[in-house]
Amino acid sequence: MSSRAVTLGLAGTGRIGTSHAETLKKLPNVATVLVADADADRARTTAAVLGVEFAADLDALFAADLDGLIIATATDSHPDLIIRAVDAGIPVFCEKPVAADITGTLAVIDHLRECPVPVQIGFQRRFDAGYRAAREAIRSGRLGWLHTLRATTLDPAPPPAEYVARSGGIFRDCGVHDFDIIRWVTGREIIEVYALGGNRGAAFFAEAHDVDTAAVVLRLDDGTLATVSLTRYNGAGYDVRLEALGSSGNAIVGLDDRSPLTSVEPDHSPSTYPPYAGFMERFRPAYAEELAAFIDVATGRLNNPCPPAEALEAVYVAEACELSRRAGRIVHVAEVRR
């Protein structure tokens, strides 16, 4: 980590932004955290509760002498904030996605093409100890050749209707993490998808032209098959796993005493530990590692671990899945590339 204490701005003090502010405050090489939000009262309250600095608005935030900017605002504001920051020479950490759609993402990437200022996109699973161990096991060859990957992101309860309406759908909002991590742990590209979706829950999913549950079959460029299972209604608890199954062994991420799996075998002793309440609790250490890495990126001590062009690859897969679901056919990811 960098030994130089830094001043960081944070735009957006909703759930994830507030969590990031709390994490940043605890990092030893952060001198100042300055928060701002479109809702100035919310930012002021967050600053007071956490003991960080308050900026009256985004103009005040950008006027500060920032070493880096963390963007945790609504998706539609991401492109403008990224471009404004890099044009001011401020390194950026931005929660996914880069933009609301592929066209917007490509516009940001094009703007950054000749820009030396780093922009790191938030895919926190890349910093989780379990996923890193799986990546090492796969790439070292200990598992032999992979024949199957099984990924799950199963939320215990749905988000609010207003969030779903603006989320971009289950593949872009939720499954994109699985698509990214499959690429990251294997080092392979996803070339083909077949996606199905269903709605047995609240009506607001269908009203938003979304689904509350989905199943995806993927083919990687080396022939490995993968499945991704997604739902907003996993009543047993938050369940995020990756199973990497090879010719010589396997590696399973997310299988521990807090996994919300119920065995009905008569000799099995159930865990006494509660399942994770949600993604923020499950990935809290990963978020801290991710933000610490950003500080090293911003201070020139680390190469960018997830630039926008890398994040775009998972978005392409999500886009292909949505097309597959709507069209009822296999889709080659190349069909949605631009």
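Residues numbered from 1 in each chain as written. Predicted model: local features only at pLDDT ≥ 70, side-chain atom pairs only at ≥ 80, totals over all residues. Heavy atoms only, no water.

The name given to the protein in an unreviewed UniProt entry is Gfo/Idh/MocA family oxidoreductase, with Nocardia beijingensis as the source organism. The UniProt entry for the protein carries the following comment under Sequence similarities (unreviewed entry): "Belongs to the Gfo/Idh/MocA family." (UniProt positions renumbered as here; feature names shortened; annotations may be inferred.)

Draft legend 1. Broad picture of the overall build of the protein. In terms of regular secondary structure, the protein is built from twelve helices and 13 strands. Its C-alpha atoms give the protein a radius of gyration of 20 Å, near enough to 20 Å, the size a compact globule of 338 residues would have. A principal-axis box enclosing the C-alpha atoms of the protein has dimensions of 60 × 50 × 45 Å. Expressed as a percentage of the 338 residues in the protein, the buried residues total 50%. Put simply, of all contacts in the protein between residues at least 6 apart along the chain, 71% involve residues at least 24 apart. (Helix = DSSP H or I, 4+ residues; strand = E, 2+ residues; numbered from the N terminus. Rg over C-alpha atoms; globule rule 2.2 N^0.38 Å. Buried < 20%, exposed > 50% of the residue type's maximum accessible area, 1.4 Å probe, protein only. Contact = heavy atoms within 4.5 Å.)

Draft legend 2. Region of the structure containing unusual backbone geometry. The residue after K96, namely P97, is reached through a cis peptide bond having omega 0°. The phi dihedral of H209 falls on the positive side, at around 60°, and the residue is not glycine. Tracing the chain through its elements places H209 in the loop between helix 9 (203-207) and strand 9 (213-220).

Draft legend 3. Geometry of the sheet that holds strand 3 (residues 53-54). Read from one edge to the other, the open sheet built from six strands follows the order 3-2-1-4-5-6, with strand pairing classed as parallel. In this open sheet, the two edge strands, each paired with only one partner strand, are strand 3 and strand 6 (119-122). Direction of pairing for strand 2 (residues 30-36) relative to strand 3: parallel, over a ladder of two bridges. Each bridged residue has a counterpart across the sheet, and for V35 the counterpart in strand 3 is F54. (Pairing = 2+ DSSP bridges.)

Draft legend 4. How the structure looks around the sheet that holds strand 10 (residues 225-231). The seven strands lie next to each other as 12-11-7-10-9-8-13, forming an open sheet whose pairing is mixed. Edge strands, defined here as strands with exactly one partner in the open sheet, are strand 12 (250-253) and strand 13 (331-332). In this structure, strand 11 (residues 239-246) lies alongside strand 12, joined through four bridges in antiparallel fashion. Within the sheet, the bridge partner assigned to L242 lies in strand 12 and is V253. Here helix 6 (residues 129-140) sits on the sheet in contact with strand 7 (146-154), strand 11 and strand 12, set at roughly 165° to strand 12. Along the sheet, helix 8 (residues 170-186) contacts strand 7, strand 8 (190-198), strand 9, strand 10 and strand 11; its crossing angle with strand 10, the most-contacted strand, is approximately 150°. (Axes fitted to C-alpha atoms, helices over the stretch in contact; angles between N-to-C directions.)

Draft legend 5. Fine view of the environment of R135. Inspection of the secondary structure puts R135 in helix 6. Judged by its relative accessible area of 24%, R135 falls in the partly exposed class. For the pair R135 and R301, spaced 166 residues apart in sequence, the C-alpha separation works out to 23 Å. Once you skip the residues sitting within four places of it in the chain, R135 turns out to touch W184 and V185.

Draft legend 6. Seen up close, the pairing of strand 1 (residues 6-11). The buried fraction of strand 1 amounts to five of the six residues, a majority that puts the element mostly inside the structure. Both strand 1 and strand 2 contribute to a ladder of six bridges, which runs parallel. Its bridge partner being in strand 2, V6 is matched across the sheet by V30. This β-α-β element, strand 1 to helix 1 (residues 15-26) to strand 2, shows right-handed connectivity. Taken together, the four bridges between strand 1 and strand 4 (residues 68-71) define a ladder with parallel strand orientation. Along strand 4, the bridge assignment pairs L10 with I70. (Right-handed = clockwise from strand over helix to strand, strands pointing away.)

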